[in-house]
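Report on the structure
Read off the chains here:
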Amino acid sequence: MNWQTLKTFLNTLQPNTLARMVIDIEDAQEDWEHYPEEAPSAATRKQINQVLGYIMKLGVDWGETADFDFAEMIEQVRADQPADDWLLERDQQDQENWTQDLQ
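Described below are features of the structure shown in this document. Just so we're clear, the structure is a prediction, and the values are computed from it rather than from any experiment. (Residues numbered from 1 in each chain as written. Predicted model: local features only at pLDDT ≥ 70, side-chain atom pairs only at ≥ 80, totals over all residues. Heavy atoms only, no water.)

A separate point is the overall build of the chain. Counting secondary structure elements, the chain contains 5 helices and 0 strands. Sequence-ordered secondary structure for the chain, helices as α and strands as β, is α-α-α-α-α. The globule rule puts the C-alpha radius of gyration for 103 residues at 13 Å, and the 16 Å found for the chain is more than 25% above it. Each principal axis of the C-alpha distribution contributes one length, and for the chain these read about 55 × 30 × 15 Å. Residues classed as buried in the chain amount to 25% of the 103 residues present. Across the chain, the fraction of contacts at a sequence separation of at least 24, relative to all contacts at a separation of at least 6, is 70%. Carbon and sulfur atoms form 52% of the exposed surface of the chain, whose accessible area is close to 7,500 Å². In the chain, which carries 7 positive and 22 negative side-chain charges, the distance between the mean positions of the two groups comes to 11 Å. (Helix = DSSP H or I, 4+ residues; strand = E, 2+ residues; numbered from the N terminus. Rg over C-alpha atoms; globule rule 2.2 N^0.38 Å. Buried < 20%, exposed > 50% of the residue type's maximum accessible area, 1.4 Å probe, protein only. Contact = heavy atoms within 4.5 Å. Areas by Shrake-Rupley, 256 points an atom, 1.4 Å probe, with all protein chains shown as cover. Lys, Arg positive; Asp, Glu negative; His and termini not counted. Charge placed at Lys NZ, Arg CZ, Asp CG, Glu CD.)

Attention now moves to the pattern of salt bridges. Per the counting criterion, the structure on display carries 3 salt bridges. Notably, a salt bridge pairs R78 with E26, separated by 2.7 Å at the nearest N-O pair. In this pair, R78 is assigned in helix α4 (residues 70–80) and E26 in helix α2 (residues 15–34), connecting sequence segments 52 residues apart. Note on R78: relative accessible area 27%, which makes it partly exposed. (Salt bridge = Lys/Arg side-chain N within 4 Å of Asp/Glu carboxyl O.)

Turning our attention to the environment of G53. Looking at where G53 falls in the secondary structure, it is placed in helix α3 (residues 42–66). Taking C-alpha positions, G53 is 9.2 Å from V22, a pair spaced 31 residues apart along the chain.

Before going further, it helps to spend a moment on the packing of aromatic side chains. Evaluated as defined, the whole model comprises 1 aromatic pair. Here W3 and Y54 contribute two aromatic rings whose centre-to-centre distance is 5.9 Å and whose plane-to-plane angle is 70°, an arrangement assigned as edge-to-face. In this pair, W3 is assigned in helix α1 (residues 3–11) and Y54 in helix α3, connecting sequence segments 51 residues apart. Here W3 falls in the partly exposed class, since its relative accessible area comes to 37%. You can call Y54 buried: its relative accessible area is 17%. (Phe/Tyr/Trp six-rings, centres within 6.5 Å; stacked < 30°, edge-to-face > 60°.)

The values reported here are purely geometric and, on their own, carry no functional implication.
Following this line, the structure appears as structure tokens:
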């Protein structure tokens, strides 16, 4: 897949989907800070940041057209995530494992 194809694909998505993608990418980046051995290469992270920037631009542009704040939408989607989110569960399990290992 090339950059133009990816842009075309992203242009077809609804703002709510774009917001969820932003959240997923930001969560993954946070994980990489805590678990650098699981992080992709620097070149891949750079590409992911480019995609994230493009998604943010799409969301902001859409928001200006449809009169909503994309940053607020991201925060609302983040707040609406269910408590049984698999990523949250995984993080909690990792914390429990670390605690058990230290005991």
